[in-house]
Amino acid sequence: MKIIMLGAPGAGKGTQAKKIAEKYQIPHISTGDIFRANIKGGTELGMKAKTFMDQGMLVPDEITIGMLMDRIGQEDCINGYVLDGFPRTIPQAESLTKALAERGEKVDYAINVDVPDENIINRMSGRRACLGCGATYHITFNPPVKEGICDTCGQELVLRDDDKPETVKKRLDVYHQQTQPLIDYYKNAEVLAEVDGTQPMDAVFQDIVEILGE
Ligand code: AP5
Ligand code: MG
């Protein structure tokens, strides 16, 4: 099963993708997490990506597309994957469609997690992220068992550099300009499904399971 998560920054793509990956036993691939791991590791890719990410801008397609294609070519992707944060531009979507078509494959579901901008800023200021395993928490809506420590891997949780309110506003602008058009792209491909992302996390997940099947 090949699944794409669409939605604004902070809509809950990562939260839901993690649950999908566990239930359906497919890898969760987040381009944002891959960039953050590279930044933490001090790689050249990480240094390039950081200059864009810290300003709330997208990392250029030349960097992102190749990186994602390498990742989905790995062996653990043989039975599918859930992509979180990719594609984010029409050229990215077209590259993915083309790469899959060359193997006689296609995206099975594009799930749009719909949350209005007003709800987003609040969510982001309470978010805490684990740079070790990519887990995401919220100080009120989804706190870790031990404050500041990841339940899954025990690493210290951080506030992401791009979660400052002014950067979040910029990310929302970029989302509306460059990523929102993908909703129509996948509607035309007849794989779009929409869920109401303002519900509690478990209710959002239930709706997703209804779409994907038990
Ligand atoms: P990325 O890491 O993908 O960030 P994003 O899309 O901005 O999305 P977020 O991770 O901020 O939000 P999310 O939807 O995953 O929400 P979450 O589940 O954490 O990308 C970061 C940057 O990397 C980009 O800005 C760009 O620069 C670069 N980049 C990445 N991919 C790229 C690409 N393809 N091309 C170019 N550049 C790229 O939830 C948010 C918070 O809300 C959490 O605290 C969570 O606990 C809470 N929450 C979740 N669901 C609910 C709920 N139902 N109710 C209440 N709270 C909830
Ligand atoms: Mg995320």
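In what follows, the accompanying structure is described. (Residues numbered from 1 in each chain as written. Chains lettered and ligands numbered in written order. Predicted model: local features only at pLDDT ≥ 70, side-chain atom pairs only at ≥ 80, totals over all residues. Heavy atoms only, no water.)

### Quick notes on the pairing of strand S1 (residues 2-6)
As a general feature of sheets, a regular strand has side chains that alternate between the two faces.
Then step 1. Within S1, five of the five residues are buried, which leaves the element mostly enclosed by the surrounding structure.
Then step 2. Going residue by residue along S1, you find Lys2, Ile4 and Leu6 tucked away on one face and Ile3 and Met5 tucked away on the opposite face as well.
Then step 3. With four bridges joining them, S1 and strand S3 (residues 81-84) adopt parallel strand pairing. Residue pairing across strands places isoleucine 4 opposite leucine 83, the latter belonging to S3.
Then step 4. Bridge count for S1 against strand S4 (residues 109-114) is four bridges, and the pairing is parallel. The partner of isoleucine 4 across the bridge, within S4, is alanine 110. (Buried < 20%, exposed > 50% of the residue type's maximum accessible area, 1.4 Å probe, protein only. Helix = DSSP H or I, 4+ residues; strand = E, 2+ residues; numbered from the N terminus. Pairing = 2+ DSSP bridges.)

### A look at the sheet that holds S4
Then step 1. Spatial strand order, S2-S3-S1-S4-S8: five strands in an open sheet with parallel pairing. Lying at the two open borders of the sheet, with one neighbouring strand each, are strand S2 (28-30) and strand S8 (192-196). Neighbour-to-neighbour, the strand axes of this sheet turn through a mean angle of 20°, independent of strand direction. (Axes fitted to C-alpha atoms, helices over the stretch in contact; angles between N-to-C directions.)

### Focus: the site of ligand 1
Then step 1. Around ligand 1, a shell composed of 35 residues is seen, among which Thr15, Met57, Arg88, Arg127 and Arg171 lie nearest.
Then step 2. A distance of 2.8 Å separates a nitrogen atom of ligand 1 from a polar atom in the backbone of glycine 85.
Then step 3. Glutamine 199 is positioned with one of its backbone polar atoms (N or O) 2.7 Å from a nitrogen atom of ligand 1.
Then step 4. When the free accessible area of ligand 1 is taken as 1000 Å², the share hidden by the protein chains comes to 97%.
Then step 5. When its residues are assigned to classes, the shell around ligand 1 shows 14 nonpolar, 13 polar and eight charged. (Near = heavy atom within 4 Å. Polar contact = N/O pair within 3.5 Å; in protein donor to acceptor, adjacent residues only side chain to side chain. Areas by Shrake-Rupley, 256 points an atom, 1.4 Å probe, with all protein chains shown as cover. Nonpolar A, V, L, I, M, F, W, Y, C, P; charged D, E, K, R; others polar.)

### Looking at the pattern of salt bridges
Then step 1. For the structure on display, the rule yields 14 salt bridges.
Then step 2. With its nearest N and O atoms 3.1 Å apart, the salt bridge here joins lysine 19 to aspartate 202. Here lysine 19 is found in helix H1 (residues 13-24), whereas its partner aspartate 202 is found in helix H9 (residues 201-212), with 183 residues between them in sequence.
Then step 3. For aspartate 202, a relative accessible area of 52% translates into the label exposed.
Then step 4. Each of Arg127, Arg160, Asp162, Asp163 and Arg171 takes part in one network of salt bridges that share partners. (Salt bridge = Lys/Arg side-chain N within 4 Å of Asp/Glu carboxyl O.)

### Quick look at the sheet that holds strand S7 (residues 157-158)
Then step 1. Overall, antiparallel pairing links the three strands, which are arranged S6-S5-S7 in an open sheet. For this open sheet the edge positions go to strand S6 (136-138) and S7, each flanked by a neighbour on one side alone.
Then step 2. Where strand S5 (residues 127-130) meets S6, three bridges bridge the pair, whose relative direction is antiparallel. Pairing of alanine 129 across the sheet is with threonine 136, part of S6.

### As for helix H7 (residues 165-179)
Then step 1. In this model, H7 (15 residues) spans 20 Å end to end at C-alpha, consistent with the 21 Å of a helix rising 1.5 Å per residue.
Then step 2. Those residues of H7 not exposed but buried are Thr167, Val168, Arg171, Leu172, Val174, Tyr175 and Thr179. Taken down its axis, H7 places every buried residue within 165° of arc, on the same side. Relative to its buried face, H7 has exposed residues pointing more than 90 degrees away, namely Glu166 and Gln177.
Then step 3. Buried residues along H7 sit against helix H3 (44-53), S4, helix H6 (117-125), S5 and helix H8 (181-188). (Expected span 1.5 Å × (residues − 1). Arc of directions from axis to C-beta. Contact = heavy atoms within 4.5 Å.)

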